[in-house]
Structures are given as C-alpha cells and as structure tokens.
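Fold and contact review
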Amino acid sequence: MAKKKNYAFDTIVVHGNKSTGHDHGATLPPIFQNAAFTHKSAESLSRTFSGATDEPIYTRLGNPTNHALEKRLTELEGGKGAIAMASGMAAIANTCMALLRTGDEFVAGRSLFMSTYVLFTSVFKKYGITARLAAPLDSSGIKAAINDRTRFVYLETIGNPAMDVPDIRHISKTAHDYGIPLIVDNTLATPFLCRPLELGADVVIHSTTKYLGGHGASVGGAVIVGDSFEWDKKRFPDFEPFVQRKGSLALIDKIWREHHINFGTTQSPMDAYLTLLGINTLSLRMERHFANAIKVANFLKGHPKVKWVNYPGLENSPSHATAVKQFGKKGFGALLTFGLADQDTCFRFIDNLKLILNIANLGDCRTMAIHPYSTQYVSFDEATRRNLSITPDMIRLSVGIENPSDICDDIAHALEE
Ligand SMILES: *Cc1c(COP(=O)(O)O)cnc(C)c1O
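Residues numbered from 1 in each chain as written. Predicted model: local features only at pLDDT ≥ 70, side-chain atom pairs only at ≥ 80, totals over all residues. Heavy atoms only, no water.

The ligand sits among 13 residues. The nearest are Met89, Asp185, Ser207, Thr209 and Lys210. Ser87 is positioned such that a nitrogen or oxygen atom in its side chain is 3.5 Å from an oxygen atom of the ligand. The separation between a nitrogen atom of the ligand and a polar side-chain atom of Asp185 is 2.6 Å. Protein contact buries 91% of the 380 Å² of open area that the ligand shows by itself. (Near = heavy atom within 4 Å. Polar contact = N/O pair within 3.5 Å; in protein donor to acceptor, adjacent residues only side chain to side chain. Areas by Shrake-Rupley, 256 points an atom, 1.4 Å probe, with all protein chains shown as cover.)

Structure (structure tokens):
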C-alpha cells in the first residue's frame, strides 16, 4: 500500500473512488440498481436494523452506490457525514425541516434560488414557521433578524440571480454568537472554489444536478455536515436523543431518521453514479468555467448594447472584495446576469442565439441563457420581483466550457440583429 499523503484537491477529485474490495477493483463503484439486499441470517438483519452494522437493507434507507457519493462529497467538502438525496430541493427541505418545529424562525440571506425562496416564504408558512430574509452582504441585517426562536442562518455562497457573495466566516461568527448553526448552499461555488465548513459553516448543501454532475445528465442533491457545532439543550431540546445516539453527528442522524427515509427522498443509484463520474473532472471543468466567465463578463461590459453586467469577478460588483478574500485566485463562479434595453430585446437576443442554449438550468458544461423575469419568476408579483432584483431587462447566463471566442461570437451576433 502506498504511503498516505495529503494530496491536493485536484488529485483527490480524480482519485477519490477507492475500490471497496467487493467490486473487483473497479475505478468507479458499481451501480447497485436494486431495491433490497439479502442477509445471511435473521440475526444479521436484526443487528443491521438496530444500527450495529451498516450493511445495506433497502435502497430508500441507503444504497452502496449512493454511499460512495456520500463519502466522496464528505471528503471534497471536508465534512464528517453526508446524505445524498433525490434533488437539491430535497436536501434543502429535509435539512431545514429537521431543524424546525412549528413556531420556530430562521434567518436567510435574501438572495435565494427560486424554489428555495418559495419553500421558505410560502410552504413553511403553512406550518407556522417564519423565514426572516435579510440582506446577506452585511451581517448586521442578519444579526438584527435573530431572536430566541431562531434555529439557524441560511446563505448561498453566490446568490442566484443577485450574484452576491456573503462573507461566510463573518456570518458564521454572528450565528455562533447566538448558539445557532450556519447552513450554506454551495451549489454555485462547488468545493473547488469554496469550502464553507472550513470558513465556519456547519452544514453544506448541494444541488449535484449542477456543476458536481456537470453534464446535465442527472438530478440530485446532498447535505454534508461538519462536527463542531454543539447542540445547546435549551435552544435545541429536540436534538437530545440524536446527540445521545450520534454525538456531534446528531443533525445528519435527525435528517436521515426523521425526514429523509420517511419522506422517501432517495436518490437513484444511477444518478449517484453519474455524479461520481462527473466529479472526476470537476477541477478541470471549474477552471475552464471560471476562465470563460471572466472573459464573457469583460466582453459584455465592453459591448455598447449591454446596459449593465453583474458578476462578482468584475470590480464594480459590491461583492468583489469579499469574493477575492473568500475565493482567492481560483475564480468567481460561472453565472452572471446582464441587462439589455427591455424584455423584447432580451427575447430577440435569446431567439438569435445559435450556440448558447435557451434552457432553465445552470452549471451544465454547455453555455445557457434564460430570461428569469418571464420564466422562473413569471408567477411572482411585481413587488417581489423588484425586491429580488428580477427585472424585465435581465438575461442570466451560465457560462460553459466551450471555446470562449465561440461563446462571445454567439453573443455578439445575437446582439446585432
Ligand atoms: C438548482 C439549485 C437548487 C435546487 O436543486 P435541484 O437539484 O434542482 O432540486 C438549489 N440551490 C441552488 C443554488 C441551485 O442552483
């Protein structure tokens, strides 16, 4: 056996799948596409049910291919445990619900993925739960929204589509001052760009549908937890049995036991496999995504028909300084928004594109454009859209890994007509 070394992230993404000894040395785990697993004896199955072994039982409860993805994501985020789930939204919903009871509150940065916004502000409301939204760039708004009922603070590493970058280290200190954990949706950054647990966050969430899978081939999500948060008995009395059972991994146990297995938010093993396949090229893809995004942002900035560009990599972004501090030299993500004259001009632009796809997704290797005002946010009232900076003149671009000149040429051509 080779001596264990602390390899760089770029090496780990390529070599992380180690053979388990049951798979003939396969470099990727087998796809265990089956619902249930046989056991040698009644005693063995009973021991597994009581938690004495972690042999697979039934795929809704756990599956070896999914476990391989969970191990992989735990390693990449520097966490202590993870659960793969059916989608990013499943991971968000289960994690938040494991933390919330009727009457509870939480504080979230205002810049939220559209379905997360709906879940927080309207679905949770039905259960008597209050989401207090605050401007994420400055921890004073978040601090002011915290009270005795607050159970956690929630942020996105790069807000979509506001493109704002909150200071995770700073906000985690604020949350911890009040004895509450910080949850970060790290989908847009990926652990290549940012590892929130190292910056003080306690929980990381991913939609693996995006950059981790990388090819638009699968839908999936995951929650990854650290082990440093202490569940205070006064604020979190309902965590007691989980702390007794799993100690510092109480939250992952609570998410799994109370919500994930009972809501049936299992990820398909085939999707877990496809995500594991995508992860092997994560570093390479992210480098290209980020290099292309800054080129496209600068190209748009210099174009006479483009009214404004919002990208944390540009110096005029209110998030630029925090992004530089938090992300170092690696990049600024690959999602950006820009403004044209009006909605009609945006529609003409999208219809003129020949290479860039008109598609409601992001983080795919292909460049994609969408007009958020008339699509994801079409059923939102005007005041909410304004509040979320969703304007009729806005195009959102998810910059892919094509040759950057071809991306810019397609944009130039679509702006001409
Ligand atoms: C896509 C996305 C989600 C939801 O993920 P699904 O896999 O589509 O359920 C959550 N957060 C962010 C930031 C996303 O981009």
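There is more to say after this.
Before going further, it helps to examine the sheet that holds strand E4 (residues 150–156). As summarised here, the arrangement of the seven strands in space is E1-E7-E6-E5-E4-E2-E3, forming an open sheet in which the pairing is mixed. Because the sheet does not close on itself, it has two edges, and the strands there are strand E1 (81–85) and strand E3 (130–134). Neighbour-to-neighbour, the strand axes of this sheet turn through a mean angle of 20°, independent of strand direction. Here E1 pairs with strand E7 (residues 221–225) via five bridges, running antiparallel. (Pairing = 2+ DSSP bridges. Helix = DSSP H or I, 4+ residues; strand = E, 2+ residues; numbered from the N terminus. Axes fitted to C-alpha atoms, helices over the stretch in contact; angles between N-to-C directions.)

For the rest of this paragraph, the subject is the nonpolar core. Phe120, Tyr154, Phe338, Phe349 and Leu397 are the most contacted members of the largest nonpolar core, which totals 116 residues. Two domains each donate at least three residues to this core, and these are domain 1 (36–279) and domain 2 (282–416). Once residues lying within four places of it in the same chain are set aside, the contact partners of Phe120 are Ile92, Cys96, Phe106, Ala108, Leu112, Ala131 and Tyr154. (Core = buried A, V, L, I, M, F, W, Y, C linked by side-chain atoms within 4.5 Å. Buried < 20%, exposed > 50% of the residue type's maximum accessible area, 1.4 Å probe, protein only. Domains from an automatic or database assignment. Contact = heavy atoms within 4.5 Å.)

Okay, helix H5 (residues 114–123) next. Inspection of H5 places Thr116, Tyr117, Leu119 and Phe120 among the buried residues, and these make up the whole buried set. In a view along the axis of H5, the buried residues occupy a sector of 165°, so they form one face of it. Tucked into the core, H5 has its buried residues touching helix H4 (88–99), strand E2 (105–109), E3, E4 and helix H15 (382–387). (Arc of directions from axis to C-beta.)

Right, let's get into the state of the cysteines. Enumeration over the complete set of coordinates arrives at zero disulfides. Of the cysteine sulfurs around Cys194, a residue in no disulfide, the closest is that of Cys96, at 19 Å. You can call Cys194 buried: its relative accessible area is 2%. For the unlinked cysteine Cys365, the closest cysteine sulfur is that of Cys408, found at 18 Å. On the basis of relative accessible area, Cys365 is assigned to the buried category, the value being 14%. (Disulfide = S-S within 2.5 Å.)

Counted according to the given criterion, the structure contains 13 salt bridges. The partner of Lys325 in a salt bridge is Asp167, with the nearest N and O atoms 2.6 Å apart. Here Lys325, found in helix H13 (residues 320–327), pairs with Asp167, found in the loop between E4 and helix H7 (168–177); they are 158 residues apart in sequence, far enough to count as distant. Taken together, the shared-partner salt bridges in this structure form one network comprising Arg101, Asp104, Arg151, Asp238, Lys254 and Glu258. (Salt bridge = Lys/Arg side-chain N within 4 Å of Asp/Glu carboxyl O.)

To continue, consider the sheet that holds strand E10 (residues 357–358). Sheet architecture is open: five strands sit in the order E8-E9-E12-E11-E10, paired in mixed fashion. The outermost strands of the open sheet, each flanked by one partner alone, are strand E8 (308–310) and E10. When E10 meets strand E11 (residues 368–370), the two strands line up parallel, connected through two bridges. Looking at E11, one finds that Leu357 is bridged to Met368. Across the sheet, helix H12 (residues 282–301) touches E8, strand E9 (335–339) and strand E12 (394–398), and the angle it forms with E9 is around 5°. In this fold helix H14 (residues 343–352) packs onto E9, E10, E11 and E12, with an angle of close to 30° to the strand it touches most, E12.

With that settled, consider the packing of aromatic side chains. As enumerated under the stated definition, the model contains 16 aromatic pairs in all. Summarising the aromatic geometry, the rings of Phe106 and Phe120 are spaced 4.7 Å apart at their centres and angled 85° between planes, so their arrangement reads as edge-to-face. Taken together, the residues Phe106 in strand E2 and Phe120 in helix H5 connect sequence positions 14 residues apart. Phe120 matches Phe106 in its accessibility class, with the two residues each being buried. (Phe/Tyr/Trp six-rings, centres within 6.5 Å; stacked < 30°, edge-to-face > 60°.)

A few words now on the side chain of Thr190. Among the secondary structure elements, Thr190 is positioned in helix H8 (residues 190–193). When near neighbours in sequence (up to four residues on either side) are disregarded, Thr190 contacts His206, Tyr211, Leu282 and Met286.

This next bit is on the environment of Thr384. Here Thr384 shows up in helix H15. Of the residues examined, Thr384 reaches a relative accessible area of 17% and is grouped as buried. Distance from Thr384 to Leu336, taken between C-alpha atoms, is 21 Å for residues 48 residues apart in sequence.

Shape is all these values report; function is a separate question.
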